[in-house]
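# Structural description and commentary
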Amino acid sequence: MNTIIISTASITVITAIFAVLLTIADRTIGNYGQVKLTINEEKEYTVDGGSSLLSTLISEKIFIPSACGGKGTCGYCKVQIHDGGGPVLATELPFLSQEELDDHVRLSCQCKVKQDIKIEIPDELFNVKEFEATVESIEVLTDTIKKLRFRLPEGEEISFKPGQYVQLKAPLYEGNDEEVYRAYSIASSPTEKTHLELIIGFVPEGIATTYVHHHLEEGDKVTINGPFGDFYYQDTDAEMIMVATGTGVAPILSLLNYMKDNDIKRKARFYFGAKTPDDLFMLDYFKHLEETLYDFKFVPTLSRIKDDDTSWSGEKGRVNNAIDKLLEENDNQEAYLCGNEQMIDSVVKSLTNKGVKEEKIYYDKF
Ligand SMILES: Cc1cc2nc3c(=O)[nH]c(=O)nc-3n(C[C@H](O)[C@H](O)[C@H](O)COP(=O)(O)OP(=O)(O)OC[C@H]3O[C@@H](n4cnc5c(N)ncnc54)[C@H](O)[C@@H]3O)c2cc1C
Ligand code: FES
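Quick caveat, the model's predicted, so the values are computed rather than measured.

This brings us to the packing of aromatic side chains. A complete count under the given rule lists 14 aromatic pairs for this structure. Between Phe231 and Tyr336, the aromatic rings sit 6.2 Å apart at their centres with planes inclined by 75 degrees, giving edge-to-face as the arrangement. Linking Phe231 in the loop between strand 11 (221-228) and strand 12 (239-245) with Tyr336 in strand 16 (residues 333-339), this pair joins segments that are 105 residues apart in sequence. A relative accessible area of 3% places Phe231 in the buried class. Between Phe272 and Phe281, the ring centres sit 5.3 Å apart and the planes meet at 70 degrees, which makes this aromatic pair edge-to-face. The pair formed by Phe272 and Phe281 is uniform in burial state, with each residue classed as buried. An aromatic cluster of three or more residues is present, and its members are Phe270, Phe272, Phe281, Tyr285, Phe286 and Phe298. The ring of Phe126 carries the charged tip of Lys43 above its face, separated from the ring centre by 4.2 Å. A cation over an aromatic ring shows up here: Lys161 above the ring of Tyr232, its NZ or CZ 4.1 Å from the ring centre.

With that out of the way, let us pick up the layout of surface pockets. Approximately 160 Å³ is the volume attributed to the second largest pocket. Lining the second largest pocket, in full, are Ser52, Leu54, Ser55, Ile58, Ser66, Gly69, Gly70, Cys109, Lys169, Glu179, Val180 and Tyr181. Considering every element that reaches the lining of the second largest pocket, the biggest residue donor is helix 2 (residues 53-59), with 3 residues. Of the residues that constitute the lining of the second largest pocket, the class distribution is 5 nonpolar, 5 polar and 2 charged.

To describe two helices that pack against each other, one gives the angle between their axes and the distance between the axes. Running from N to C, helix 5 (residues 249-261) and helix 6 (residues 283-292) point in directions that differ by 30 degrees, and their axes come no closer than 11 Å. Our classification of the angle between helix 5 and helix 6 gives roughly parallel. Note on packing geometry: the crossing formed by helix 5 with helix 6 is left-handed. Taking contact as the criterion, the partners of Val249, Leu253, Leu256, Asn257 and Lys260 in helix 5 are, on helix 6, Tyr285, Phe286, His288, Leu289 and Thr292. For the contact of helix 5 with helix 6, the per-class residue count stands at 6 nonpolar, 3 polar and 1 charged.

Take the domain arrangement of the protein next. Frequently, the measure chosen for interface size is the accessible area removed from exposure when the parts meet. According to the domain assignment, the protein contains domain 1 (34-124), domain 2 (128-228) and domain 3 (239-365). One C-alpha centre belongs to domain 1, the other to domain 2, and the line joining them spans 25 Å. Carbon and sulfur atoms make up 52% of the surface buried where domain 1 meets domain 2, a total of about 890 Å² over both sides. One can count 0 salt bridges joining domain 1 with domain 2. Scanning the region where domain 1 abuts domain 2 turns up 1 residue pair in polar contact (both at pLDDT 80 or more). Its residues assigned to classes, the side of domain 1 that touches domain 2 comprises 7 nonpolar, 2 polar and 3 charged.

Glancing now at helix 8 (residues 341-353). Between its terminal C-alpha atoms helix 8 stretches 18 Å, which fits the 18 Å expected from 13 residues at 1.5 Å a residue. Among all positions in helix 8, only Met343, Ile344, Val347, Val348, Ser350 and Leu351 are buried. The arc that holds the buried residues of helix 8, viewed along the axis, is 165 degrees, so those residues lie on one side. For helix 8, exposure combined with an orientation more than 90 degrees from the buried face picks out Gln342, Lys349 and Asn353. In this structure, the buried side of helix 8 is in contact with strand 12, helix 7 (319-326), strand 16 and strand 17 (361-365). Where helix 8 starts, the residue carrying a side-chain oxygen 3.3 Å from the main-chain nitrogen of Gln342 turns out to be Asn340.

Taken together, the neighbourhood of ligand 1 is formed by 20 residues, with Arg182, Ala183, Tyr184, Ala208 and Thr209 sitting nearest. Interatomic distance of 2.6 Å between a side-chain N/O atom of Arg182 and an oxygen atom of ligand 1. Protein chains bury 66% of the 930 Å² of accessible surface belonging to ligand 1 in isolation. Sort the elements by how many residues they give to the shell around ligand 1 and strand 9 (residues 180-185) lands first, with 4 residues. Counted by class, the shell around ligand 1 contains 12 nonpolar, 5 polar and 3 charged residues. Counting residues domain by domain, the shell around ligand 1 receives three or more from each of domain 2 (128-228) and domain 3 (239-365).

Strand direction decides the pairing type here: strand 1 (residues 34-39) and strand 2 (residues 43-48), joined by 6 bridges, are antiparallel. Paired with Gln34 across the bridge in strand 2 is Asp48. The hairpin turn running from strand 1 into strand 2, its antiparallel successor, is 3 residues long, and Asn40 in that turn takes a positive phi close to 50 degrees. Pairing geometry for strand 1 and strand 5 (residues 117-120), over 3 bridges, is parallel. When the bridges of strand 5 are listed, Ile39 appears paired with Ile119.

Here is what the cut-offs are and how they apply
- Residues numbered from 1 in each chain as written.
- Chains lettered and ligands numbered in written order.
- Predicted model: local features only at pLDDT ≥ 70, side-chain atom pairs only at ≥ 80, totals over all residues.
- Heavy atoms only, no water.
- Phe/Tyr/Trp six-rings, centres within 6.5 Å; stacked < 30°, edge-to-face > 60°.
- Helix = DSSP H or I, 4+ residues; strand = E, 2+ residues; numbered from the N terminus.
- Buried < 20%, exposed > 50% of the residue type's maximum accessible area, 1.4 Å probe, protein only.
- Lys NZ or Arg CZ within 6 Å of the ring centre and 35° of its normal.
- 1 Å grid on protein atoms, 1.4 Å probe; cavity = no way out; pocket = protein on both sides within 12 Å on 5 of 7 lines; lining within 4 Å.
- Points joined across faces, edges and corners; volume = space filled by probe spheres on them.
- Nonpolar A, V, L, I, M, F, W, Y, C, P; charged D, E, K, R; others polar.
- Axes fitted to C-alpha atoms, helices over the stretch in contact; angles between N-to-C directions.
- Parallel < 35°, antiparallel > 145°, perpendicular 65-115°, else oblique.
- Left-handed = near helix turned anticlockwise from the far one by under 90°.
- Contact = heavy atoms within 4.5 Å.
- Domains from an automatic or database assignment.
- Buried area = accessible area lost by both parts, 1.4 Å probe.
- Salt bridge = Lys/Arg side-chain N within 4 Å of Asp/Glu carboxyl O.
- Polar contact = N/O pair within 3.5 Å; in protein donor to acceptor, adjacent residues only side chain to side chain.
- Expected span 1.5 Å × (residues − 1).
- Arc of directions from axis to C-beta.
- Near = heavy atom within 4 Å.
- Areas by Shrake-Rupley, 256 points an atom, 1.4 Å probe, with all protein chains shown as cover.
- Pairing = 2+ DSSP bridges.

Spelled out as structure tokens, the structure:
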């Protein structure tokens with residue numbers, strides 16, 4: 001009996017000692033104090049150590065693309081760390097090529113700031129701004145897709161290239177206990193600098209899309225930062241082949257709106273792939289663009305419509321089939337694709353089979 005009491009007491013004492021040691025360790029080892037952050041060898045900041053590099057940069061109002069909100073799953077938050085980044089973590093490796101590793105590229109959301117650190121980022125990221133925008137209107141496009149129009153604060157403007165995206169912050173709400181940023185392509189034209197339009201699809205149990213579809217109302221304020229991205233309009237005279245499915249229509253709309261606003265005279269074809277007629281949207285607007293733009297044709301195609309269904313007179317089949325069938329070969333073409341990975345991979349194949357050069361195919365996968 002005595003042995004049991006002594007053993008129990010000993011375990012309790014040892015556990016208590018461990019708990020105290022862990023608390024002390026957390027308060028001392030985890031407390032890195034203030035450290036110096038140097039960016040591009042010219043800008044210096046004194047910051048509190050202990051957070052991820054991504055969060056530290058955000059607290060200094062420097063916004064790095066972070067489509068997954070810092071979870072280490074998108075691979076967008078790359079920066080070069082020249083000094084003080086510590087060893088590369090296993091969570092970073094799937095996103096870094098050997099060339100990037102040799103160039104000291106790291107995922108900023110995975111690296112903790114523990115000591116003085118020197119990093120390099122593209123200069124344009126210093127132009128990324130954060131806005132408290134107001135939801136001016138919400139339009140239901142399909143059962144699962146909404147178009148939102150935001151007004152920037154009085155006197156503030158955004159400059160971006162058509163095709164780029166912004167990040168929208170989903171705040172805490174009932175059922176969500178983490179703030180996250182998610183990427184959304186801008187659908188409006190860059191000529192309109194005081195407003196932004198986004199097209200956002202609902203993802204069941206998705207943090208940001210549940211916020212947008214079930215909580216956000218007209219008049220609400222949202223935090224948006226941007227612009228980001230290297231998918232954008234190329235200023236050439238090549239024929240443009242545009243392909244999108246679902247919310248991938250957003251950046252294509254920005255390209256088309258930009259061309260309309262600037263009276264750009266280029267041949268453009270837009271293949272919009274959907275499953276059923278209910279998944280298509282803004283058809284009247286694309287018809288209007290056919291009448292307004294210099295040489296634009298809109299080609300909707302449905303993959304889940306029966307061959308004998310006479311209610312649909314447009315193309316049938318997947319969007320890559322429409323390209324196989326309709327695209328005329330020409331040695332001066334460039335393509336803009338936006339949608340899920342599977343669609344992009346099959347369309348790239350169809351385009352290269354038709355002679356479109358791979359380096360002239362631009363895409364955003366989401
Ligand atoms: C450059 C870029 C531009 C983008 N532009 C747009 C845009 O214009 N419109 C738009 O609606 N989205 C766009 N996205 C996708 C968007 O950033 C989010 O990933 C998406 O809205 C889901 O966010 P969430 O927080 O609701 O879901 P999360 O909380 O991130 O995800 C919840 C769960 O759903 C899964 N999931 C996430 N996304 C999808 C999906 N699309 N389909 C099925 N399952 C999914 C996740 O793996 C997870 O298990 C873009 C992404 C990128 C990288
Ligand atoms: S923010 Fe997505 S991997 Fe870092």
